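Residue strings, one per chain:
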Amino acid sequence: MASSTDPRHLIGLLLGTEDDWPTAFEALVRRLGPVIDASGTSHSFDVERITIEPFDLRDKPRYELVIDRLAYWYHVPRKWLKKVALMDDVYLLNSPFTFQAMEKHAAYCAMIRLGLKVPNTTLVPYKNPIDHDKYVYTAARYNKPFDLDAVAGRVGYPLFMKPYDGGAWRGVSRIRNNSELHQAYDESGEMLMHLQASVEGYDVFARSLSIGAETMVMRFRPELPMHDRYAVDHAFLTPELGDEVVTIGRLVNAFFRWEFNSCETLVRGPDVHPIDYANACPDVAVTSLHYYFPWAMKALIKWSVFCLATGRRPRIDLDTRRYFEIADRDDLSYDDKLAAYRKLADEYFDTERYADFCASRLPDLDEIMLEWIAGPDFERLLTDTVRTTYPPVEKDRFQSHFRGLLGAWVTDEQRRLSPG
Ligand SMILES: Nc1ncnc2c1ncn2[C@@H]1O[C@H](COP(=O)(O)OP(=O)(O)O)[C@@H](O)[C@H]1O
Ligand SMILES: [Mg+2]
C-alpha cells in the first residue's frame, strides 16, 4: 500500500525542438507506475517539460533529475543547470561541469593518456585573428610561425581536419594533399582545428550509445542520410571487439562523468580506434534510432528510476588519479589495462547493482514497452513525427520505412520474451 510519505520524484526534461522521444518517455513512465524498492518503499515518478524563465539563485528546484537536450546551445538553461548542480544536488544527464569543460579535444587527451589507439592528432592555432582587443599584440609577440605542410606531413596523409570541439560534422574535411590542406585551413577561419590521421580502410564504424550503465553498440554508416545511418545488425563485431568498444565507451564516460553520450569508433582488423567520444546528450529521435529507439527509451527510464529510487548522488568531481595509476604502469598490457579500467568504470556506474535493480524492481518494463510500441499510441506518435520531419511527398515512404523497422523490433522482442 502506498502511503502519504512515499516519495514522489519529479523528472524534468530540457528540450529544444524534439517532441517524439519526450512523448514516448512521458507515456512510458506513466504506464510504469510506482516502483517498489528493496525496502518496500513505493516511489512514484512524474515527468515535466522545463520552461525557461527568470530564476532566483536561492530558489529550490522541484526537479530531482533532469535530462538535458538543450543547454548545449542555449545558455539560460545552462546557467540554471550549473545552479541546480552546485546548490541543489539535482541529478543531471549530463552535468554542464563535465560536458562544457570537456570536449572532443579533452577526450582525445584523456584517451591517449590512458593508452587507447587514438589516431595521431595535432592541434593547430587559428587561421584568422580572433576577435579580442589583445589578440594582435599577443599574437605578434608570442605566436610562433609554423609550417603547416610540415605539421601535416608529420600527421600523414590522408588526414582529417576538424574542430577541436566537433559536432554534427561542422567544419570536418578529409584532406589528401597540400593544396587541399591549405584550402581547408583558409576556410577554417576562427575555428580551432585538429589535424588527425585518417583511419583508412576500416572494416566497420561502430557507434555506441551509452545511457548510465548500459551501452548499445550499433553499426554506423556515416555516408548515408540520417534515417539510414544505423544499420540493424546484431553480429557485426566479434564478441571480443564488441566488448572492447563497450569498455572504451564506459571508460570515457566514467572518467568524465558523462552518463548520456555517444562514442564513435573505427574498427580495423584487431584494432579499435576511438575518433569521437564526446557527443553528450545525443540525438535519440525515433527517426534516427528507429529499431534501437525502444532500447534507448527503456535505458533512459531505467537509469532515471534507478538513480532516484536508490538515492544515487550526482558526482561532478573527477577521479582521474585512479585511472592514471593504471595507465602509467609498465607491467600491464593494453588488454590488462582495459580490464582494470572496466572495473573502475563499472564501479562508477554501479553496473551490478543497476542490473539487479532492473531485474527485481522493473520486471514489467519490457512488456510495457512491447505493448506500447505495438499499440495505437506509438503509431500516432510515429505518424506525427514523420509528418513534422519530412516533406509531404516523402511522408508515405518514411512512414512505411520506420513502421517496418519497428515492426521488426516487435517481432524480435516477442521472440526474446517468449521463446519457442
Ligand atoms: N581519423 C579519422 N579517420 C577516418 N574517418 C574519420 C576520422 N575522423 C573523422 N572521420 C570521419 O569524419 C566524420 C566526422 O568526424 P567526427 O570527429 O566524428 O566529427 P563530429 O564531431 O562533427 O561528428 C566521422 O564520422 C568519420 O566518418
Ligand atoms: Mg562524430
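How each quantity is defined
- Residues numbered from 1 in each chain as written.
- Chains lettered and ligands numbered in written order.
- Predicted model: local features only at pLDDT ≥ 70, side-chain atom pairs only at ≥ 80, totals over all residues.
- Heavy atoms only, no water.
- Salt bridge = Lys/Arg side-chain N within 4 Å of Asp/Glu carboxyl O.
- Helix = DSSP H or I, 4+ residues; strand = E, 2+ residues; numbered from the N terminus.
- Buried < 20%, exposed > 50% of the residue type's maximum accessible area, 1.4 Å probe, protein only.
- Disulfide = S-S within 2.5 Å.
- Core = buried A, V, L, I, M, F, W, Y, C linked by side-chain atoms within 4.5 Å.
- Contact = heavy atoms within 4.5 Å.
- Pairing = 2+ DSSP bridges.
- Axes fitted to C-alpha atoms, helices over the stretch in contact; angles between N-to-C directions.
- Donors = N, O, S within 2.8 Å, 3.2 Å for Na, K, Ca; no water.
- Near = heavy atom within 4 Å.
- Polar contact = N/O pair within 3.5 Å; in protein donor to acceptor, adjacent residues only side chain to side chain.
- Areas by Shrake-Rupley, 256 points an atom, 1.4 Å probe, with all protein chains shown as cover.
- Phe/Tyr/Trp six-rings, centres within 6.5 Å; stacked < 30°, edge-to-face > 60°.
- Lys NZ or Arg CZ within 6 Å of the ring centre and 35° of its normal.

Q: Just to check I follow, could you spell out the pattern of salt bridges for this structure?
A: Close approach of charged atoms lets side chains of opposite charge pair. Under the definition given, this model contains 36 salt bridges. Across the pair Arg31 and Asp377 runs a salt bridge, and its minimum N-O distance is 3.6 Å. Remark: Asp377 occurs in helix H15 (residues 376-389) and Arg31 occurs in helix H1 (residues 20-32); sequence separation between them is 346 residues. Note on Asp377: relative accessible area 31%, which makes it partly exposed. Among the ionic pairs, Arg219 bridges to Asp233, the shortest N-O distance being 2.9 Å. With Arg219 in strand E11 (residues 214-220) and Asp233 in the loop between strand E12 (230-231) and helix H8 (239-256), this residue pair connects regions lying 14 residues apart in the sequence. Taking the relative accessible area as the measure of exposure, Arg219 reaches 25% and is therefore partly exposed. What makes Asp233 partly exposed here is its relative accessible area of 22%. Overlapping salt bridges bring together Arg31, Glu371, Asp377 and Arg380 as one network.

Q: Please explain the state of the cysteines as it appears in this structure.
A: Put plainly, two cysteines are in a disulfide when a covalent bond ties their sulfur atoms together. Summed over the entire model, instances satisfying the criterion amount to zero disulfides. You can see Cys263 has no disulfide; the closest cysteine sulfur is in Cys281, sitting 13 Å from it. The thiol of Cys307 is unpaired, and the distance to the nearest cysteine sulfur, on Cys358, comes to 10 Å. Given the relative accessible area of 2%, Cys307 is considered buried.

Q: How should the nonpolar core be read in this particular structure?
A: Within soluble globular proteins, side chains that are nonpolar tend to cluster in buried spots. Counting residues in each nonpolar core, the largest one holds 108 residues, and the members touching the most others are Trp21, Phe25, Met297 and Trp303. Discounting residues that sit within four places of it in the chain, Phe25 has contacts with Ile11, Leu13, Val47, Ile67, Met297, Leu300, Ile301 and Ser304. In this structure, Ala152, Ile175, Tyr185 and Leu195 belong to the second largest nonpolar core, which totals 14 residues.

Q: What should I look at first to understand the sheet that holds strand E10 (residues 204-211) in this one?
A: Hydrogen bonds between backbone groups are what pair the strands of a sheet, and the pairing can be parallel or antiparallel. Sheet architecture is open: five strands sit in the order E12-E11-E10-E13-E14, paired in antiparallel fashion. What marks the edges here is a single partner per strand, and that holds for E12 and strand E14 (271-280). In terms of strand pairing, E10 meets E11 through six bridges, oriented antiparallel. Each bridged residue has a counterpart across the sheet, and for Arg207 the counterpart in E11 is Met218. The strands touched by H8 are E10, E11, strand E13 (260-268) and E14; relative to E14, the strand with the most contacts, the crossing angle is about 40°. In this fold helix H10 (residues 293-309) packs onto E10, E11 and E13, with an angle of close to 35° to the strand it touches most, E10.

Q: Where do I start with the coordination of the magnesium ion (ligand 2) in this structure?
A: Perfect tetrahedral coordination of a metal by four donors corresponds to 109.5 degrees between them, and perfect octahedral coordination by six donors corresponds to 90 or 180 degrees. Distances from the magnesium ion (ligand 2) to its protein donors, namely Glu264 (OE), Glu264 (OE) and Asp276 (OD), fall within the range 2.1 to 2.8 Å. Residue Glu264 is located in strand E13, and its partner Asp276 is located in strand E14; the two are separated by twelve residues in the primary sequence. When its relative accessible area of 8% is taken as the criterion, Glu264 is described as buried. Taking relative accessible area as the criterion, Asp276 reaches 8% and is therefore assigned buried.

Q: What is the right way to read the sheet that holds strand E7 (residues 159-163) from this model?
A: Taken together, the four strands give an open sheet; going across it, the order is E6-E9-E7-E8, and neighbouring strands pair in antiparallel fashion. The two strands at the open ends of the sheet, each matched to only one other strand, are strand E6 (121-124) and strand E8 (173-175). Recorded for the sheet is a direction-independent mean angle of 25° between the axes of neighbouring strands. Sheet analysis places E7 next to E8, joined by three bridges and oriented antiparallel. Residue pairing for E8: Leu159 is matched across the bridge by Ile175. In the packing of helix H6 (residues 148-155) onto the sheet, the strands contacted are E6, E7 and strand E9 (193-197), and the crossing angle to E9 comes to about 40°. Sheet strands in contact with helix H7 (residues 178-188) are E6, E7, E8 and E9, and its direction is about 150° off that of E8.

Q: I'm lost on the site of ligand 1 in this one. Help?
A: The environment of ligand 1 is made up of 19 residues, and the closest members are Lys104, Lys162, Gly167, Trp169 and Glu264. Note that a nitrogen atom of ligand 1 is positioned 3.0 Å from one of the side-chain N or O atoms of Gln196. Here an oxygen atom of ligand 1 sits 2.9 Å away from a polar atom, N or O, in the side chain of Asp276. Protein burial of ligand 1: of its 540 Å² of free accessible surface, 96% is covered by the chains. Among the secondary structure elements, those contributing two or more residues to the shell around ligand 1 are E7, E9, E13 and E14.

Q: I tried to follow the packing of aromatic side chains on my own but got confused; where do I start?
A: Aromatic ring pairs are reported here in terms of the distance separating the ring centres and the angle at which the planes meet. All told, the structure shown has 23 aromatic pairs when counted by the stated rule. Judged by centre distance (5.3 Å) and plane angle (75°), the rings of Tyr291 and Tyr292 are edge-to-face. Tyr292 gets classed as buried once you look at its relative accessible area, which sits at 4%. Aromatic rings pair up to connect Trp303, Phe306, Tyr348, Phe349, Tyr354 and Phe357 into one cluster. Just above the ring of Tyr334 sits the side chain of Lys117; from NZ or CZ to the centre is 4.2 Å. Sitting above the plane of the Trp169 ring, Arg229 keeps its charged end 5.9 Å from the centroid.

Q: I tried to follow the pairing of strand E4 (residues 65-68) on my own but got confused; where do I start?
A: The side chains of a regular strand alternate between the sheet's two faces. Going residue by residue along E4, you find Leu65 and Ile67 tucked away on one face and Val66 and Asp68 tucked away on the opposite face as well. One ladder, built from four bridges, connects strand E1 (residues 8-14) with E4; its direction is parallel. Residue Leu13 lies in a different strand from E4, and its bridge partner there is Ile67. With three bridges connecting them, E4 and strand E5 (residues 91-93) associate as parallel partners. Note on E5: the bridge partner recorded for Ile67 is Leu93.

These values are about where atoms sit, not about what they do.
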